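Read off the chains here:
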Amino acid sequence: MIRIVCSVSWHKGRQEGTLTRDTAAEITEHSFNICNIFSLGYASRTHVSYDVKGDVAVIRFNTPNSKVNTLSKQLNAEFTEVMNEIWANEAVKSAVLISSKPGSFIAGADIDMIAACKTSQEVTQLSQEGQKMLEKIEQSSKPIVAAISGSCLGGGLEVAIACHYRIATKDKKTILGAPEVLLGLLPGAGGTQRLPKMVGLPAAFDMMLTGRNIRADRAKKMGLVDQLVDPLGPGVKAPEARTIEYLEEVAIGFARGLANRTVSAKRSKGLVQKITDYAMALPFVRQQVYKTVESKVQKQTKGLYPAPLKIIEVVKAGLDQGTLAVLGAGLMGAGIAQVSVDKGLKTILKDTTQQGLDRGQQQVFKGLNDKVKKKSLTSFERDSILSNMTGQLDYKGFEKADMVIEAVFEDINIKHKVLKEVEAVIPPHCIFASNTSALPINQIAAVSQRPEKVIGMHYFSPVDKMQLLEIITTDKTSQDTAASAVAVGLKQGKVVIVVKPFYPHDWLPEISLLLFLSLQEGIDPKKVDAISTAFGFPVGAATLIDEVGVDVATHVAEDLGKAFGERFGGGSIGLFKLMVQKGFLGRKAGKGFYIYQEGVKNRSLNSGMDEVLAQFKLPAKPEVCTDEDIQMRLVTRFVNEAAMCLSMIPWHIRQIQCCHLSRSLGAPPFFSTCPPVPPGPFRYADSYGAKQLVDKLRKYEAVYGSQFTPCQLLLDYANSPGKKFHQ
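The residue numbering used here restarts from 1 in each chain and proceeds along that chain's sequence as written. For a predicted model such as this one, the threshold for reporting local features is a pLDDT of at least 70, and the threshold for listing and counting side-chain atom pairs is 80 or more; totals across whole chains, interfaces and linings nevertheless cover every residue. Remark: hydrogens and water are excluded; side-chain values derive from all non-hydrogen atoms of the structure.

- The chain appears in an unreviewed UniProt entry as enoyl-CoA hydratase from Pavo cristatus.
- UniProt positions are given in the numbering used here, feature names are shortened, and annotations may be inferred rather than shown by experiment. Taken verbatim from the UniProt record of the chain, the Pathway (unreviewed entry) comment is "Lipid metabolism; fatty acid beta-oxidation."

What follows is the structure, encoded as structure tokens:
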């Protein structure tokens, strides 16, 4: 049985038009790293070659002793090796796939390779290997352009539609098609999933169920091809050779443009196509299409040919069964649902109360509607996207889910309860991911009946704006589970890093402790906000806690305090606990440090906080309470914690840089600098000086205790004046 992969393209659109040589000349002017699977060595490559032109790699297919290129084992192996080298090469920013054979891009899979398979398992393995490779192509951070001249059929079409852009010669020999059905087969490398998304369900069924060829000009009208180039006439070289060179030149220009974003991959759709897409997004319309198509196939084949019916079956599976479920419709859960449904993932959003669900659905609508206001989406497209999200209070549909992401309250008992409930209804292959920001994943997984399917997916707030996603594995998490979590994150448009289990370190604990100290010392929330934003933070400390939720901040601070003791000490957590007791949970409750009213931008302080603050007031310490001290109490602890992470966890320094810069609060602008030095706490340490940071920490340590004790790594750098984190 062939594994079905529901792929969602990350590209954002396409340019329109047919190019002449002049316009092409104007354009021409202007990662993830995959482990090598094959060890062929450059000298032994006979089917695939490449060279780098500037910052664009040009990959050429050329099956020896054949008039056409076919996807044989040798070509696939060499192609995989070449792509791995390109993804690992930082000098390469984009790539072009092209054939060295006039008249043949790729004519399909090698039939002899398929015929040589002795068992269904061998065929399945071939299919899965193809699917995995084309997923990597589709998800590549380096744009890949397919330059098509001649036959682009079967597996060749699947390669082309996995690319981010397609350019074809406007020549009668250039044809695109999915003829597998004529051989009693079906597209096995993801074509059954990508083609409907690209050209629409009716057109995709027509191509796959008839096997008919599509000429280049029609392919462009359908959206199968993004650009056409006119063939060239005779010259010093033969017309076909000149046309291939010209096609390559144009493709290089577009690949470079996609990489530097001077060219958009967005394809504008006509009104008819928009209406069709909207209709096809409605389940009852799709069911009618399936019914009609199945009836025609049964009538024409008498049910004697299984391939057409299997094609319908796998298309239905991809469109109707690939489901992501999100538990919890709060700030984080709704944000996760938004970035999922926005990228084409059918999403169930579940909450325990109707009020919570309504609030979450409204948040998703508002996020998408903001795009309408900015004219990056039409209201028609917004409604079409929203039609792929289902809001509910029960577990209906979870039996079809491929992944469940929980974003419920930060309480280990609640998470254990939810995990047990979910495992009772989901299918065996389904992954359970936790969005926890403070609880260890291995503790959450402790009650699981299948811990190999449990993983952490730590998003940052606001989810639709913050790019980073931490994938946190345990010692029992399977590689397939981790790979699937990465794939979902990439489809959501995230920058993904995979880390081993540890307590996720972000700004929230430091913010909480800053508030504990400052508020207890008599500094009101508005001043704390003003002081922190004056330093360069985009969001004030009190405002951030209100946005995240005081109850969430309380649990994070409490759990980290239990785990790390004095290292996360400072102030009294009782202040936050009393706020929770009084219902001052932040924006979601209408009041926290501030009062929140619909349509009112100028927030007033919550007068109910006066009693809370008075109860926990401490004597002020003038020697460490200047505005600069309040700012540096936050920053020094954060940099110290980052340095401790670096000494404890075998990460590359750039991963922590990326991680900490992208946290929910965001770093001040001067934490950044130009490449090649990445932004983050270590850049700040180099700029401010490790010795100066240690001096500040010692100053605060003398007053507040060991939560400000500098870590050994920071001390080492302070004692070596010439030593920098970034040399």
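1. Examining the sheet that holds strand β5 (residues 104-106)
Sheets are built from strands that pair by backbone hydrogen bonding, the pairs being arranged parallel or antiparallel.
Now for step 1: Reading across the sheet, the 4 strands line up as β5-β7-β9-β10 and stay open at both edges, with mixed pairing between neighbours. Here the strands that pair on one side only, and so sit at the sheet edges, are β5 and β10 (213-215). Put simply, the sheet's adjacent strands are angled 20° from each other on average, direction ignored.
Now for step 2: Its contacts with the sheet place helix α5 (residues 155-162) against β5, β7 (151-153) and β9 (175-177), and it is angled at close to 90° to β7. Two strands are counted as paired when DSSP detects at least two bridges linking them. By the criteria applied, helices consist of DSSP H or I runs no shorter than four residues and strands consist of E runs no shorter than two, each listed in order from the N terminus. Only C-alpha atoms enter the line fits that serve as axes; for helices the fit covers just the stretch in contact. Angles between N-to-C directions range over 0 to 180 degrees. Contacts are residue-level and defined by heavy atoms, with any inter-residue pair within 4.5 Å sufficient.

2. Section: the pairing of strand β18 (residues 468-472)
Now for step 1: Along β18, 5 of the 5 residues are buried, which leaves the element largely enclosed by surrounding structure.
Now for step 2: Classification of residues uses two cut-offs on accessible area relative to the type maximum, computed with a 1.4 Å probe and protein chains only: under 20% is buried, over 50% is exposed, and between them is partly exposed. The alternating pattern of β18 places Leu-468, Glu-470 and Ile-472 and Leu-469 and Ile-471 on opposite faces, both of which are buried.
Now for step 3: Sheet analysis places strand β17 (residues 454-459) next to β18, joined by 4 bridges and oriented antiparallel. Note that in β18 the partner of His-458 across the bridge is Glu-470.
Now for step 4: In this sheet, strand β19 (residues 495-499) lies alongside β18 in parallel orientation, the contact comprising 5 bridges. By the bridge assignment for β19, Ile-472 is matched with Val-499.
Now for step 5: Handedness rule for crossovers: strands pointing away from the viewer, path from the first strand over the helix to the second running clockwise, crossover right-handed. Following the chain from β18 across helix α18 (residues 479-491) to the adjacent parallel β19, one finds a crossover that is right-handed.

3. A few points about the packing of aromatic side chains
Now for step 1: Aromatic pairing here means that ring centres of Phe, Tyr or Trp (its six-membered ring) are within 6.5 Å. Orientation follows from the plane angle: under 30 degrees is stacked, over 60 is edge-to-face, and everything else is tilted. The tally for this structure, following the rule as stated, stands at 9 aromatic pairs.
Now for step 2: On the numbers, 5.0 Å between centres and 85° between planes, the contact of Tyr-395 with Phe-398 is edge-to-face.
Now for step 3: Here Phe-398 falls in the buried class, since its relative accessible area comes to 0%.
Now for step 4: Aromatic pair Tyr-704 and Phe-708: ring centres 5.8 Å apart, planes at 40°, arrangement tilted. The two residues Tyr-704 and Phe-708 agree in class, both being buried.

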